[in-house]
Amino acid sequence: MTATAAAEPIRSGPDRVAADPDHVVIFDTTLRDGEQSPGCSMNLDEKLRVARALEEMGVDVIEAGFPIASNGDFEAVQAIARQVERCTVAGLARAAARDIDRAGEAVRDAVRPRIHTFISTSPLHMKYKLQMEPETVLEAVSFSVARARTYTDDVQWSPEDGSRTEPDFLCRTVEAAIKAGARTINIPDTVGYATPEDFAALFTMLKERVPGADRVVFSAHTHNDLGLAVANALAAVDVGARQVECTINGIGERAGNASLEEIVMAMRTRADRYHVKNDIEATHIMKVSRLVSSITGFQVQPNKAIVGANAFAHESGIHQDGMLKHAGTYEIMTPESVGVTKTNLVMGKHSGRNAFRNKLIDLGFGDVGDNAFQDAFQRFKDLADKKKDIYDEDIIALVDDEIASSEDAVQLQSVGVMAGSGGKARAQLTLTVSDDVRFAQAEGNGPVDAVFNAIGRIVPHQATLQLYQVHAVTGGTDAQAEVTVRLEEDGKTVNGQGADYDTLVASARAYVHALNKLAVKRLKTKPAGDAASVAAE
Ligand code: KIV
Ligand code: ZN
């Protein structure tokens, strides 16, 4: 542990709440419930980057994954447990011995390990999903919590579909979990069915009726099927819940989970109403939101609260007039408070390496590694030659792209396209495959199709394209394009990203990046070989 880390408080949920009853534990499940949702999968390196950003932002608990789900999940939870110094790291486990043992092993090296174990308790889930009698479920609760306690003191228990569980039975299961040693009781609204009033009443009932309820931290885990996830989490806090489970940008199963940024800013902006505290450094919110969006390819909707592109935009004349007279007329929090800086004109083509390095530090990139830095600097210079104004967003897109792809075995060297209204488009392209230069050309129905076909000639594959998405990084016709490509092969899904002032170059970069990630995934199931040979075979 570093000297700086040792000086800061170690965040441990139940102990922290015992010391400060107004503290709300922020439990981030972006890497577990968020990552579990279709198309959001992240590789190890990406998960480590997100975990680092969450730690720097000040979350209390990072739920790093579901270790029994796959070797990849196990390795990611273990790596995060070893890397993170200031947060509790949790691994999820069903109520089965092998799940719990795997989770225990994965979080063992964490400074603060937590096992989060769960089982369904609603009549519907017990009958159809588990096909278990309520009494057997009750036994599984005691067994699973007790087994988890052999690995760590910090055990969290959840009744899945808790909000649709019969109240008497819910009380019995919670009591059993507390008796077996759970220190956090998390109540999930698994299907997003609850209303704020129902959910608050549920917590009040549990606190009043369950023996030992005063010894544990109650937690809310809410889904957004009716758009009530954040409201339900806040309603639970209102009646004494002291942990909320949430994800960055609200990503998660179906309509998603409660969004971290909305919960945190609601508590902060309406401190007069909630009277609670958390340790989140809110100025990091925008940066972390962008990171998760660029890694997962899930663009944030423009009108999304706190982190949407329009969240602080004032378009109508009346609003603009009000804003000029007093920002408080139409803004209940400042953009700066969540890390939205005024659109910053940054350096030009005469800026040197030092200025660029300082800019990266300002933007929160830290040490990107020498190769990625040199390549990013070269690309910044090229961009500055072609684009009149360069903004922070341009630099972020470019450096994100460089960090993501710098270790890739297959790299794009050049691409040229002939397209127009007069027939098929034609692409010519050069890639390097582990430094071996390869050339291909192909036709397609439009320029993007032609580029992807040419790449397929050099890197043959069976993957199908699930998503092709273009996002303009800034305004203006010379804006850089940020492209996301999602590929699926044999049930494995990967996202590739690419950024460039030329949309076709960005598309080629994103496609090549996705193929590199797919090759690494394939390699994990092969006994020998290297990423380059598998990618190009
Ligand atoms: O939504 C849910 O019920 C969950 C549990 C595993 C906590 O994600
Ligand atoms: Zn969930």
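Residues numbered from 1 in each chain as written. Chains lettered and ligands numbered in written order. Predicted model: local features only at pLDDT ≥ 70, side-chain atom pairs only at ≥ 80, totals over all residues. Heavy atoms only, no water.

(A) The arrangement of the sheet that holds strand β11 (residues 436–444) in detail. Taken together, three strands build an open sheet; the order of strands is β9-β10-β11 and the sheet is antiparallel. Each edge of the open sheet is held by one strand with a lone partner, namely β9 (410–418) and β11. The sheet shows a mean angle of 20 degrees between the axes of neighbouring strands, taken without regard to direction. When β9 meets strand β10 (residues 425–433), the two strands line up antiparallel, connected through eight bridges. From the neighbouring strand, G416 faces β10, where its bridge partner is Q428. Packed onto the sheet, helix α19 (residues 447–458) meets β9, β10 and β11 and runs at close to 140 degrees relative to β11. (Pairing = 2+ DSSP bridges. Helix = DSSP H or I, 4+ residues; strand = E, 2+ residues; numbered from the N terminus. Axes fitted to C-alpha atoms, helices over the stretch in contact; angles between N-to-C directions. Contact = heavy atoms within 4.5 Å.)

(B) Structural view of the packing of helix α4 (residues 44–57) against helix α14 (residues 285–296). Axis separation between α4 and α14 bottoms out at 10 Å; the angle between their running directions is 170 degrees. With respect to α14, the element α4 is oriented roughly antiparallel. The way α4 lies across α14 gives a crossing that is left-handed. Here E46, R49, V50, A53, L54 and M57 of α4 come into contact with α14, specifically with I285, V288, L291, V292 and I295. Residue classes in the contact of α4 with α14 are distributed as nine nonpolar, no polar and two charged. (Parallel < 35°, antiparallel > 145°, perpendicular 65-115°, else oblique. Left-handed = near helix turned anticlockwise from the far one by under 90°. Nonpolar A, V, L, I, M, F, W, Y, C, P; charged D, E, K, R; others polar.)

(C) Spatial organisation of the confidence of the model for the protein chain. Mean pLDDT for the protein chain: 90, with 94% of residues reaching 70 or above. Considering only residues more than four positions removed or in separate chains, one finds that residues 527–537, a stretch of pLDDT under 50, has 26 contacts. (pLDDT = per-residue confidence, 0-100.)

(D) Examining the environment of A201 more closely. Following the sequence through the fold, A201 ends up in helix α10 (residues 196–209). Judged by its relative accessible area of 44%, A201 is partly exposed. Through-space distance from the C-alpha of A201 to that of H350 is 62 Å; in sequence the pair is 149 residues apart. (Buried < 20%, exposed > 50% of the residue type's maximum accessible area, 1.4 Å probe, protein only.)

(E) How the structure looks around the nonpolar core. By size, the foremost hydrophobic cluster in this structure holds 92 residues, and its most contacted members are V174 and I185. With residues up to four places along the chain from it excluded, the contact list for V174 reads W157, I185, I187, L206, V210 and F218. Judged by nonpolar contacts, the second largest core, of 31 residues, contains L431, V451, A508 and L515. (Core = buried A, V, L, I, M, F, W, Y, C linked by side-chain atoms within 4.5 Å.)

(F) Structural context of helix α8 (residues 134–149). Look at α8: 23 Å from first C-alpha to last across 16 residues, which is about the 22 Å you get at 1.5 Å a residue. Taken together, the buried positions of α8 are V137, L138, A140, V141, S144, V145 and A148. Taken around the axis of α8, the buried residues stretch over an arc of 160 degrees, which confines them to a single face. As for α8, its buried residues are in contact with α6 (97–107), β4 (112–120), α7 (123–130), β5 (155–160) and α9 (167–180). (Expected span 1.5 Å × (residues − 1). Arc of directions from axis to C-beta.)

(G) Summary view of the packing of aromatic side chains. Applying the stated criterion to the full structure yields ten aromatic pairs. Considering the side-chain rings of F452 and Y468, the 5.9 Å spacing of their centres and the 80 degrees angle between planes classify their relative orientation as edge-to-face. Of the two residues, F452 sits in helix α19 while Y468 sits in strand β12 (residues 464–472), which places them 16 residues apart along the sequence. Assessed through its relative accessible area of 31%, Y468 is described here as partly exposed. Among the aromatic side chains, those forming a connected cluster through ring pairs are F356, F373, F377 and F380. The ring of Y274 carries the charged tip of R273 above its face, separated from the ring centre by 5.1 Å. In this structure, R357 packs its charged tip against the face of F373, placed 4.0 Å from the ring centre. (Phe/Tyr/Trp six-rings, centres within 6.5 Å; stacked < 30°, edge-to-face > 60°. Lys NZ or Arg CZ within 6 Å of the ring centre and 35° of its normal.)

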